[in-house]
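# Report on the structure
Spelled out from the first residue to the last, the chains are:
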Amino acid sequence: MQIEKEKLIWIYKKLFTIRHFEERIKKIAKDKSVPGYLHTCIGSEAICVGVMAALEKDDWISSTYRNHGHAIAKDCNLNEITSEIYGRSTGICKGRGGSMHISDFDRGMLGSFGIVAAGPPVVLGAALQEKINKGSKMSASFFGDGAIHNGAFHEAAGLAQLWKVPMLFICENNGYAEATATDWHLNTKELSDITRAYNMKSYQGDGNNVFEVYEITKNAILESKKNEIPIFLEFKNYRFSGQYEGDTQLYQPKEEVENAKKNDPIKIAKENASKYELDIMEIETIQNEALAEVNNAFAYADTQPWPKPEDALEEVYVNYPSEYN
Amino acid sequence: MQIEKEKLIWIYKKLFTIRHFEERIKKIAKDKSVPGYLHTCIGSEAICVGVMAALEKDDWISSTYRNHGHAIAKDCNLNEITSEIYGRSTGICKGRGGSMHISDFDRGMLGSFGIVAAGPPVVLGAALQEKINKGSKMSASFFGDGAIHNGAFHEAAGLAQLWKVPMLFICENNGYAEATATDWHLNTKELSDITRAYNMKSYQGDGNNVFEVYEITKNAILESKKNEIPIFLEFKNYRFSGQYEGDTQLYQPKEEVENAKKNDPIKIAKENASKYELDIMEIETIQNEALAEVNNAFAYADTQPWPKPEDALEEVYVNYPSEYN
Amino acid sequence: MAIKTVKEAINDALVKSFEEDKNVILMGEDIAGGKGREQYQGTQDAWGGPFGVTQGLFTKFGGERVRDTTIAEAGFFGAAVGAAMTGLRPIVELMYVDFAGVCFDQMMNQAAKVRYMFGGKQKVPMVVRTVVGAGFRAGSEHSQTLYSLYAHIPGLKVVAPYDAYDAKGLLLSSIQDDDPVIFMEHKRLYMTTCEVPDDLKPIPLGKGRIRKKGTDISIIAVQRMNLFAEDAAKTLESEGISCEIIDPRTYSPLDEELIFESVKKTGKVIVVDESNPKCSLASEISSLISEKCFPYLKAGVKKITAPHTPVPFSPPMEDFYIPSSKKIIETVRELINA
Amino acid sequence: MAIKTVKEAINDALVKSFEEDKNVILMGEDIAGGKGREQYQGTQDAWGGPFGVTQGLFTKFGGERVRDTTIAEAGFFGAAVGAAMTGLRPIVELMYVDFAGVCFDQMMNQAAKVRYMFGGKQKVPMVVRTVVGAGFRAGSEHSQTLYSLYAHIPGLKVVAPYDAYDAKGLLLSSIQDDDPVIFMEHKRLYMTTCEVPDDLKPIPLGKGRIRKKGTDISIIAVQRMNLFAEDAAKTLESEGISCEIIDPRTYSPLDEELIFESVKKTGKVIVVDESNPKCSLASEISSLISEKCFPYLKAGVKKITAPHTPVPFSPPMEDFYIPSSKKIIETVRELINA
Ligand SMILES: Cc1ncc(C[n+]2csc(CCOP(=O)(O)OP(=O)(O)O)c2C)c(N)n1
Ligand SMILES: Cc1ncc(C[n+]2csc(CCOP(=O)(O)OP(=O)(O)O)c2C)c(N)n1
Ligand SMILES: [Mg+2]
Ligand SMILES: [Mg+2]
């Protein structure tokens, strides 16, 4: 597959940014410089970046509590993302959301939902809107392997197929739902067999290979739009992070982690660089840039002002007599 | 298949009882002698009776608002059923349930639920209890073709398969969910393809043929218990009744109804009688008995006392300071 | 000016909204009359939901905008949220409010919170039309009101009209409103009638209505309870007791001013709500009054509600369950004589 | 007698209940520590739910009774109802009460109603353990309390213990109770400690507790709000104001007598509830007091609640959201001086 240089650089830059970002998050989680739950996505970079490379900038997506990578790959402002995690007033959600709810509607993010499987129905709605208004934006919902057991996912899948709505159901099969191994809860051989209930088209791919993710997604978008059908994509990868920062990860066997490291998406991307005529030096420059931006973002966030306490009362409604809050 | 005489007579008796009962219900609905929603099951008799013939008397079932046939086939007291529909104090639920909620725990009825797809999870729980307590009762949930789109059904199906719980998911595919034709909402060729999402064993049968229903169910019970697996049964039939009494049924095309009549389960049962060495005279006697019992039940119900208004306050809890109601 | 049933008034408001704004769509079960397929031309609109409220819409506006769904409320309520965020104005039907539990997450955590928690860039202009209320002999799972479940949740608006006039005016507003609105229609009011101007303007949400002026006691009545309050007031009038009846119409936001003014005048209040008592609208309104109007109160605020039980089927029990004119009359007399 | 955290006390109550009654089972997500498979012996109990409350149970009682579920709350909550009806005593976990909406139907229409609507032959002895509360910087979808959603529904019991003593005693009762109980654990209280006798007897549901005797004003505090009430009372004591603090502990049924007695004595009341205000426990308790104790009241019942907004993440905003000792102190002073 041919990828133009600009996009290639974008891809590497995003991969590195996400990895450095999440590593930094792990650090601030450890030294407790930010409060609350932090879910990092180390191991998911290729999926975040590969999918977003295939989507247009203003296409619709939904994410989950494990959203940093999606937000970064969706080109949300890195400073604002970080400021949000720090709970500051310049945060991307004005400090009201926090890490779990980072979202920027202006970038096509419909939301990062804390409720498992809440996203697919919402994205179905965006896709329906595009269909009714004859719009051309693609709609894609990210969710985990754990979400496929949930009724809301099934209801959305059934309706999407019935209504012939172009959209992507993107399952990041990272081996775990919290402390529970994916295969322990799977009734079918492959996770994506779940779509058989709906006759939904599905593809599987290596979620550690950003170029494979990109290619599969790109083709899926074409097919979905052309045939007006939803498509289910399963990308397999490994959750190197715990469920959240602070999770002891005791349930993840050492050998399993060691094995998975062989397929670390960043490592694989680096190995593939030469195929795309990017040399080591270029890669290193990109990586350094990414690191610098991440460092900047954290430095920025740390000095941002706190919201005023009473800001808690704002923007519950578009129209509501505010004295009632 | 060999069926002993006593059972054969039971089967015919129940078929006739249900049909006569529902015809009588249609009448009292028309002359408005009972209030509220009435859902009749004309066309479903063979499923109700065939399944119940295969189950033991104290096996667990759940039903829906369309429950008269299930209750009758489960050997609930006909007078009490009727009295319930009349809202009288001697009703099977003391008048608190009404037609939609006829249920008798002593007969293994866990409930008739008004919420679509509420039953399968509850029956899963009964089956789980049997498994944990090494009990031998079978558990079976009745639901309609409309229920398979609902998340609660999917969640129950997934868990049942995962937990290897012996139970039956019994789908009465009667062609309609309210005013909506089944095939209009189906994504798969066959309704029971839905089980592919769970690798669940499934069988289809002619829901108009009581003997076929009986045989399939009997075998399914054996298989389910032996292999400790849930099994999905789809029985196709036709909903001659409207969604509820009073429904204009305009959306059911005349030819469709005429065609379906050829496979009326009562007619088919009568045609099959000779195969089972029951002669016309016997059949007629049984039918007359059934009719007499139905007539008795309605005569009984109509003269039963009303509950006291304050009875509304009883039995919300097992233990609760009653002055708080 | 024409006499309309609540049912007609709602249908009128829907048609008007569909005509005026092409972004208005409707999703629900059996609204299209099920077999909305072309080969069944003519029978498509046979249903229009179980009460026939949406009859005619499918034929008029087509299956793209009038969308029959499967029995998958979590799915299509979630879809309404996404559609609303991206530009449509979806109306979704919860056939009976008793089914609230199967898609409560979509309302409570998504519709209600996306604007707030994602920083105020989004809005969710959707309307949930749902049917509430006892008195239909429909049993425990088709008779609840559940107003307070929704009213408890910040981010949702809750509207419950009593008559056809309000039903039309408030539905027009609700559809134009940029926030998610739960629009509750009482099944026992569908066939009641009143005059409704053809060109009725939207009635602003959050404004209550004095249904009867009075001086001795204030009766705050929730939706169908206005019927019994008016009934009771007639009887009481003949005994020389003058009741003021207030229908808040909207429960979130609530027209506190209107209620407080009345209470300050009369000093005696009864709140009548058909719901179960605990944490109900009645509790809420009563507690607001006692907090804000205490110096004016001549007696404790009385609540008349259903008991803390499910809705029973049998007529004598169900009639006992529902607050009655008789109970209102007795309570008023008690309060006046206290 | 030992000092225990709330978390330990709950674990103790679970272990005791498991030991005493083989029909007690537990279902929830990641309670077994996920990989409950044999080849991972030893790591099975790594989790015990996100707060580790159930750690050790899987190893002690095995996967048949301590059952890891998929993320399918409607499925396994419904299963709990069926299992309870047929002889087990299931405890199910709703990992955060914020997820109430995905399985509310199972509680509202099945667990709560089967006994009543099917004629009283059935009982549903199940317990829902769930985690509530703000102050954890957990954002809008992991910080709600939602007490009143459940308390509104007839057929459900609602319990919300404050300290380890009550947590153990009330959980023992809840598990032995023959009705469905929602047992709400506050995440900010898990690590708080108090003395808990090893042989603590079950504490009856429906009985409140006077946490501090006083004479000038009654503070009715819901769960964690007892912390702030006690704090406030200390400060106020030094100003010569004597507060009586009452923790109802159970919200359905509610110990009205205990509350009314206190109010009759003091004539001044504040209800403190961390929930959103509308149709909250605070509304309910306030409205009951004003209805039943009006002649004794010297001022309107004050409510201190969260504002009508979702729970914000950022610390200054979240701290503003949660009722504080400061607000209690100010309100008490206001009331005392009124
Ligand atoms: C309805 C609901 N139930 C439970 C949870 C608690 N929970 C949060 S994340 C999670 C596991 C999700 O796993 P998966 O879908 O594989 O996503 P991943 O975290 O691996 O990205 C669970 C059970 C929740 N957020 N929502
Ligand atoms: C959750 C829920 N949504 C909607 C309804 C309204 N409703 C009652 S019956 C029905 C159709 C069910 O059809 P099906 O499952 O095929 O059963 P049948 O009536 O044909 O036996 C619908 C939509 C309901 N009871 N519960
Ligand atoms: Mg996962
Ligand atoms: Mg059907």
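Residues numbered from 1 in each chain as written. Chains lettered and ligands numbered in written order. Predicted model: local features only at pLDDT ≥ 70, side-chain atom pairs only at ≥ 80, totals over all residues. Heavy atoms only, no water.

We now examine the coordination of the magnesium ion (ligand 4). Residues and elements named next belong to chain B. Around the magnesium ion (ligand 4), the protein supplies D145 (OD), N174 (OD1) and Y176 (O) as donor atoms, at distances of 2.0 to 2.2 Å. One chain supplies every donor to the magnesium ion (ligand 4), and in sequence these donors are spaced D-x28-N-x1-Y. Taken as a pair, D145 in the loop between β3 (139-144) and α6 (151-163) and N174 in the loop between β4 (167-173) and β5 (176-177) lie far apart in primary sequence, 29 residues in all. (Donors = N, O, S within 2.8 Å, 3.2 Å for Na, K, Ca; no water. Helix = DSSP H or I, 4+ residues; strand = E, 2+ residues; numbered from the N terminus.)

Before going further, it helps to examine the pattern of salt bridges. A full pass over the atoms with the stated rule returns 85 salt bridges over all chains. Here R88 of chain B makes a salt bridge to D302 of chain B, at a shortest N to O gap of 3.9 Å. You can see R88 of chain B sitting in the loop between α4 (78-85) and β2 (109-113) and its partner D302 of chain B sitting in helix α10 (residues 280-302), a full 214 residues away along the chain. Since its relative accessible area comes to 47%, D302 of chain B is described here as partly exposed. The partner of R137 of chain C in a salt bridge is D319 of chain C, and the shortest N-O contact between them spans 2.9 Å. A residue pair is termed long-range when its members are at least 10 positions apart, and R137 of chain C in the loop between β5 (127-132) and α6 (147-151) and D319 of chain C in helix α11 (residues 315-321) qualify at 182 residues. The exposure class assigned to D319 of chain C is partly exposed, which follows from its relative accessible area of 42%. Connected via shared salt-bridge partners are D163, D166, R209, R211, E230 and R249 of chain C. (Salt bridge = Lys/Arg side-chain N within 4 Å of Asp/Glu carboxyl O. Buried < 20%, exposed > 50% of the residue type's maximum accessible area, 1.4 Å probe, protein only.)

So, on to the interface of chain D and chain B. It is common to report an interface's size as the accessible area lost on association of the parts. Across the boundary between the two partners, chain D contributes 50 residues, which contact 44 residues of chain B. For the chain D and chain B pair, buried surface summed over both sides reaches about 3,700 Å², with 62% attributable to carbon and sulfur atoms. Three residues, Y116, F118 and K121 of chain D, lead the burial of chain D against chain B; their summed loss comes to 19% of the area buried on that side. Applying the counting rule to chain D against chain B returns 2 salt bridges. For the side of chain D that touches chain B, the elements supplying multiple residues, two or more each, are β2 (24-28), β3 (66-68), α3 (73-85), α4 (104-111) and α5 (114-117) of chain D. For the side of chain D that touches chain B, the element with the highest residue contribution is α3 of chain D, accounting for 10 residues. (Contact = heavy atoms within 4.5 Å. Buried area = accessible area lost by both parts, 1.4 Å probe.)

Contact with chain D, which involves 51 residues of that partner, is made by 51 residues of chain C. Here chain D and chain C share an interface that buries about 4,600 Å² over both sides, 60% of which is from carbon and sulfur atoms. The largest contributions to the chain D side of the interface with chain C come from H152, K278 and C279 of chain D, which together make up 16% of the buried area. The interface formed by chain D and chain C contains 22 residue pairs in polar contact (both at pLDDT 80 or more). (Polar contact = N/O pair within 3.5 Å; in protein donor to acceptor, adjacent residues only side chain to side chain.)

This paragraph deals with the packing of helix α1 (residues 5-30) of chain A against helix α7 (residues 210-227) of chain A. All names here are of chain A. Between α1 and α7, the least distance of the axes is 12 Å, while the angle of their chain directions is 120°. The orientation of α1 relative to α7 falls into the category oblique. Both α1 and α7 take part in a crossing whose hand is right-handed. Together, K7, L8, I11, Y12 and L15 of α1 and V210, F211 and Y214 of α7 make up the contact between the two elements. Within the contact of α1 with α7, the residues separate by chemical class into 7 nonpolar, no polar and 1 charged. (Axes fitted to C-alpha atoms, helices over the stretch in contact; angles between N-to-C directions. Parallel < 35°, antiparallel > 145°, perpendicular 65-115°, else oblique. Left-handed = near helix turned anticlockwise from the far one by under 90°. Nonpolar A, V, L, I, M, F, W, Y, C, P; charged D, E, K, R; others polar.)

Close to ligand 1 lie 19 residues, the nearest being Y65, R66, G114 and N174 of chain A together with E73 of chain D. One of the side-chain N or O atoms of E73 of chain D is found 2.6 Å from a nitrogen atom in ligand 1. Starting from 580 Å² of accessible surface for ligand 1 in isolation, the protein chains cover 97%. Among the residues making up the shell around ligand 1, the classes are represented as 9 nonpolar, 5 polar and 5 charged. (Near = heavy atom within 4 Å. Areas by Shrake-Rupley, 256 points an atom, 1.4 Å probe, with all protein chains shown as cover.)

It is worth spelling out the site of ligand 2 at this point. Within the structure, ligand 2 sits among 19 residues, and Y65, R66, G114 and N174 of chain B together with E73 of chain C are positioned closest to it. Ligand 2 sits at a junction of chains, with neighbouring residues supplied by chains B and C. Contact between ligand 2 and G114 of chain B: a nitrogen atom at 2.8 Å from a main-chain N or O atom of the residue. Y176 of chain B places a polar main-chain atom, nitrogen or oxygen, 2.8 Å from an oxygen atom of ligand 2. Look at ligand 2: alone it shows 580 Å² of surface, and the protein chains cover 97% of it. Tallied by class, residues from the shell around ligand 2 come to 9 nonpolar, 5 polar and 5 charged.

Before going further, it helps to spend a moment on the pairing of strand β10 (residues 217-221) of chain D. Residue and element names in this part refer to chain D. With 5 of its 5 residues buried, β10 lies for the most part within the structure. The sheet contact formed by β10 and strand β11 (residues 243-247) spans 4 bridges and is parallel. Pairing of I219 across the sheet is with I245, part of β11. With helix α8 (residues 225-238) bridging β10 and its parallel neighbour β11, the resulting β-α-β unit is right-handed. (Pairing = 2+ DSSP bridges. Right-handed = clockwise from strand over helix to strand, strands pointing away.)

On to the side chain of R129 of chain D, then. All names here are of chain D. In this fold, R129 is placed in strand β5 (residues 127-132). One polar contact links R129 to E93, side chain to side chain, over a distance of 2.7 Å. If sequence neighbours within four positions are ignored, R129 has contacts with I10, L14, V53, T54, I91, V92, E93, L94, F183, E185 and Y190.

The next subject is the environment of K60 of chain C. Residues and elements named next belong to chain C. For K60, the location among the structural elements is in helix α2 (residues 57-65). Using a relative accessible area of 53% as the deciding quantity, one classes K60 as exposed. For the pair formed by K60 and E19, sequence separation is 41 residues and the distance between their alpha carbons is 9.8 Å.

The operation relating chain D to chain C is a screw motion whose rotation component is 180°, with 0.0 Å of axial translation and a residual RMSD of 0.0 Å. The operation mapping one copy onto its partner corresponds to a two-fold rotation axis. Comparing interface residues between copies, 100% of those in chain D also lie at the interface in chain C; the contact surface is shared. (Least-squares fit on C-alpha atoms with pLDDT ≥ 70 in both.)

Next up on the list: the sheet that holds strand β4 (residues 89-94) of chain D. Residues and elements named next belong to chain D. Pairing within the open sheet is mixed, and its 7 strands lie in the order β3-β2-β4-β5-β7-β6-β12. Each edge of the open sheet is held by one strand with a lone partner, namely β3 and β12 (250-252). Averaged over all neighbouring strand pairs, the angle between strand axes comes to 20°, with direction disregarded. As paired elements, strand β6 (residues 157-159) and β12 share 2 bridges and run antiparallel to each other. Paired with V159 across the bridge in β12 is T250.

Below, the discussion takes up the coordination of the magnesium ion (ligand 3). Reference geometry at the metal: tetrahedral coordination by four donors gives ideal angles of 109.5 degrees; octahedral coordination by six donors gives 90 or 180 degrees. All names here are of chain A. Here the magnesium ion (ligand 3) is held by the protein donor atoms D145 (OD), N174 (OD1) and Y176 (O), which lie 2.0 to 2.2 Å from it. Sequence spacing of the donor residues for the magnesium ion (ligand 3), all on one chain, is D-x28-N-x1-Y. Linking D145 in the loop between β3 (139-144) and α6 (151-163) with Y176 in strand β5 (residues 176-177), this pair joins segments that are 31 residues apart in sequence. For the pair D145 and Y176, one class covers both residues: buried.

Time to look at the confidence of the model for chain C. Within chain C, residue pLDDT values average 96, and 96% of them lie at 70 or more. For this predicted complex, the interface score ipTM comes out at 0.98, while the overall pTM is 0.98. (pLDDT = per-residue confidence, 0-100.)

This part takes up the environment of V131 of chain C. All names here are of chain C. You can see V131 is positioned in strand β5. C-alpha of V131 to C-alpha of V311: the two residues are 180 residues apart in sequence and 15 Å apart in space. Residues within four places of V131 in sequence aside, it is in contact with F51, L94, M95, Y96, V97, E185, K187 and Y190.

Considering all chains together, one arrives at 60 aromatic pairs over all chains under this definition. Look at Y176 of chain A and Y238 of chain A: their rings are 6.2 Å apart centre to centre, the planes differ by 80°, and that puts the pair in the edge-to-face class. A residue pair is termed long-range when its members are at least 10 positions apart, and Y176 of chain A in strand β5 and Y238 of chain A in the loop between β8 (230-236) and α8 (254-261) qualify at 62 residues. For the residue pair Y176 of chain A and Y238 of chain A, the accessibility class agrees, reading buried in each case. Both rings, one in F76 of chain D and one in F77 of chain D, keep their centres 5.3 Å apart while their planes meet at 50°; by these two values the pair is tilted. Here the aromatic residues Y37, Y176, Y238, F240, Y244 and Y251 of chain A together with W47, F51, Y96, F99, F136 and Y190 of chain D are joined through ring pairs into a cluster of three or more. Residue placement shows R88 of chain A over the ring face of W306 of chain A; its charged tip is 4.0 Å from the ring centre. Sitting over the ring of F320 of chain D, K327 of chain D keeps its end group 5.2 Å from the ring centre. (Phe/Tyr/Trp six-rings, centres within 6.5 Å; stacked < 30°, edge-to-face > 60°. Lys NZ or Arg CZ within 6 Å of the ring centre and 35° of its normal.)

A word on the sheet that holds strand β2 (residues 24-28) of chain C. Residues and elements named next belong to chain C. Spatial strand order, β3-β2-β4-β5-β7-β6-β12: 7 strands in an open sheet with mixed pairing. Unpaired on one side and paired on the other, β3 (66-68) and β12 (250-252) mark the two borders of the sheet. Strand after strand, the sheet turns through a mean of 20° between neighbouring axes, direction not considered. Bridging between strand β4 (residues 89-94) and β5 involves 4 bridges; their strand directions are parallel. Paired with V92 across the two strands is V128, which belongs to β5.

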